[in-house]
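Chain by chain, the residues:
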Amino acid sequence: MAVSQSRRAASAPDRKGAVLETDIPARLDRLPWGRFHTLVVVALGITWILDGLEVTLAGAVAGALRQSPVLQFSNSDVGFVGSAYLAGAVLGAVFFGWLTDRLGRKKLFFITLAVYLVATAATAFSWNLWSFALFRFLTGAGIGGEYAAINSTIQELIPARVRGWTDLVINGSFWVGAAAGAAGSIVLLDPALLPVDIGWRAAFAIGAALSLVILLMRMWLPESPRWLVTHGRAEEAETIVAGIEAQFRREGHALAPGPFAKIRLRARSHTPLGEVATTLFQAQRQRTLVGLSLMAAQAFFYNAIFFTYALVLTEFYGVAAENVGWYILPFAAGNFLGPVFLGRLFDTVGRRPMLAFTYAMSGLLLAATGWVFAQDLVSAGALTVCWTIIFFFASSAASAAYLTVSETFPIEIRALAIAFFYAVGTGVGGIAGPWLFGVLIETGSRMSVFAGYLVGAALMLGAAFVAARWAVAAERKPLEAVARPLALEE
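Fair warning: this is a prediction, and the values are worked out from it, not measured in the lab. (Residues numbered from 1 in each chain as written. Predicted model: local features only at pLDDT ≥ 70, side-chain atom pairs only at ≥ 80, totals over all residues. Heavy atoms only, no water.)

A.B. asks: Which parts of the structure should I look at to understand a nonpolar patch on the surface?
C.D. replies: Together, Phe95, Trp98 and Leu273 line one region of the surface with nonpolar side chains, adding up to about 300 Å² of accessible area. Among the secondary structure elements, tryptophan 98 is positioned in helix α5 (residues 75-103). Accessibility expressed as a relative area gives 30% for tryptophan 98, which makes it partly exposed. (Patch = residues over 30% accessible without salt bridge, like charges linked within 9 Å, V, L, I, M, F, W, Y side chains within 5 Å. Areas by Shrake-Rupley, 256 points an atom, 1.4 Å probe, with all protein chains shown as cover. Salt bridge = Lys/Arg side-chain N within 4 Å of Asp/Glu carboxyl O. Helix = DSSP H or I, 4+ residues; strand = E, 2+ residues; numbered from the N terminus. Buried < 20%, exposed > 50% of the residue type's maximum accessible area, 1.4 Å probe, protein only.)

Below you can see the structure in the form of structure tokens.
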């Protein structure tokens, strides 16, 4: 039996430097879709839902923050706190990503969630610009750490044949939270129901309370068996995989008996940062270029537009702050439906053509929408329809960027690689974006805002070219075939 053979292999001494032979990756990839995978999607997707709720409330309360008798933010202040959130996400991603590769995926789930929960609750008690910015910075740190741990886990638990679609849907679930945040803002920011300075505080307090649900959802998630094997903990990995297989059999699934392809790995406790740098900047320079291009373009595109969307509606169309949520709802729907409908094409048509297509469509549509906005040819409602169509493609493009950087680098540095690309991409494209658009909106000039949109469009088109030329055709391939483990022994 394949299972007994694997258990004998797994009984080798679990110590640093030991060479372990395992068929665990092949056994995970041969599994049919089952209840286990559905629960993984739910448990990880709910985090993105919470993130969407958090970010949407932060964007929707922009008007309320300006009207707050305590805070009295300007448009530039709103852009500044948006950048503070993203700065925290950048630093949190790097630090927690490094810890995720050293300590494991599951342990970091709880650490990063705790940081998020405490910081979001504290935001509700902010008393001035700097306290608000600090708490938003810490909230971002928690969310940034989540990106590395969760995207690593998706890659390592989901079968190769549906890895692309699953990754896009989980990342796209952010927009389910965005819709919930938009709907919540309609109630919480209605001055007829709550005072102006109470509504936005309640929004953040509710976000913190909801994060407690995630703690319960994550209790049953296992550690990544692939990560355990590379760290010399093969017996633990075997126990987890055998338990998953037993669950599938109890549910009536007939599993292929094997034998399965095996790989030999030399156990290690961690990967030195020098080896990480060598992998990223020497051995895999081309993949690094692709990852940086995709992440920087989508970060500027998304963060610049979404974090200041409420300001465009209030400044140029006179939309009341409490009504901004109505405009975000269809916007969020387009963002979620894009990955749902286009995600499967990343596994069938392929990564490279779909990356190029979604990035190019996003850039071209943004340029066209920016022009009609500059010419004052669209109403607030028509502009929202335009954004809904644009982000149907852009959401798939952004989610696919995370898919790309998480599946095309070795398991030993996967979380840190995700964090690195997220940090650099967001640092280059995301932190400056909200601040820049806040300043452009402050001018009151539609042409100035249009210039910002053209920058975003150019970045997306440039990334489309890079993807078409150099992206990796990783569809339906085992992770170990896409990115050779650093610990692999021939």
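Next, the rest of the story.
A.B. asks: Please clarify how the pairing of strand β2 (residues 263-266) should be interpreted in this entry.
C.D. replies: Only one face of β2 is buried, namely the one carrying Ile263 and Leu265, since none of Arg264 and Arg266 on the opposite face is buried. For strand β1 (residues 19-22) and β2, the ladder comprises four bridges, and the chain directions are antiparallel. Each residue of the ladder has a partner; that of valine 19, found in β2, is arginine 266. (Pairing = 2+ DSSP bridges.)

A.B. asks: Teacher, can you tell me more about the nonpolar core here?
C.D. replies: Proteins that are soluble and globular tend to have nonpolar side chains buried together. Judged by nonpolar contacts, the single largest core of 131 residues is most densely connected at Trp200, Tyr359, Trp387, Phe391 and Tyr453. With near-sequence residues (within four places) excluded, tyrosine 453 lies in contact with Ile305, Val312, Leu366, Gly370, Phe373, Trp387 and Phe437. (Core = buried A, V, L, I, M, F, W, Y, C linked by side-chain atoms within 4.5 Å. Contact = heavy atoms within 4.5 Å.)

A.B. asks: Honestly, the environment of alanine 332 in this entry has me stumped. Any pointers?
C.D. replies: If you trace the backbone, alanine 332 turns up in helix α16 (residues 324-348). In sequence terms alanine 332 and arginine 352 are 20 residues apart; their C-alpha atoms lie 26 Å from each other. Residues in contact with alanine 332, not counting those within four places in the same chain, are Trp175, Ala178 and Ala179.

A.B. asks: What is the right way to read the pattern of salt bridges from this model?
C.D. replies: Two side chains bearing opposite charge may form a pair once their charged atoms approach each other closely. For the structure on display, the rule yields 16 salt bridges. When salt bridges that share partners are traced, they join Asp23, Arg27, Arg30, Glu238 and Glu245 into one network.

A.B. asks: Whenever I open this one, the environment of phenylalanine 341 confuses me. Can you help?
C.D. replies: With respect to the element layout, phenylalanine 341 can be found in helix α16. Sequence separation of phenylalanine 341 and leucine 168 is 173 residues, and the distance between their C-alpha atoms is 10.0 Å.

A.B. asks: How should the packing of α16 against helix α17 (residues 351-374) be read in this particular structure?
C.D. replies: A pair of packed helices can be characterised by two numbers: the angle between their axes and the separation between those axes. Contact geometry of α16 with α17 gives a least axis separation of 7 Å together with a crossing angle of 140°. Contact residues: Leu342, Leu345, Phe346 and Asp347 in α16; Arg351, Met354, Leu355 and Thr358 in α17. Looking at the contact of α16 with α17 residue by residue, the class counts come to five nonpolar, one polar and two charged. (Axes fitted to C-alpha atoms, helices over the stretch in contact; angles between N-to-C directions. Nonpolar A, V, L, I, M, F, W, Y, C, P; charged D, E, K, R; others polar.)

A.B. asks: Explanation requested: the confidence of the model for the protein in the structure shown.
C.D. replies: If pLDDT is low for a region, its predicted coordinates should not be looked at in detail. Summary statistics for the protein give a mean pLDDT of 85 and a share of 94% for residues scoring 70 or more. Highest mean pLDDT in the protein belongs to α17 (96); lowest belongs to helix α1 (residues 2-10) (40). (pLDDT = per-residue confidence, 0-100.)

A.B. asks: Is there a simple way to explain the packing of helix α14 (residues 285-306) against helix α20 (residues 432-442) in this structure?
C.D. replies: The contact between α14 and α20 brings their axes to 7 Å, and the two run at 40°. Our classification of the angle between α14 and α20 gives oblique. Viewed along their axes, α14 and α20 form a crossing whose handedness is right-handed. In this structure, α14 contributes Phe300, Asn303 and Ala304 to the contact, and α20 contributes Gly433, Pro434, Leu436 and Phe437. Looking at the contact of α14 with α20 residue by residue, the class counts come to five nonpolar, two polar and no charged. (Parallel < 35°, antiparallel > 145°, perpendicular 65-115°, else oblique. Left-handed = near helix turned anticlockwise from the far one by under 90°.)

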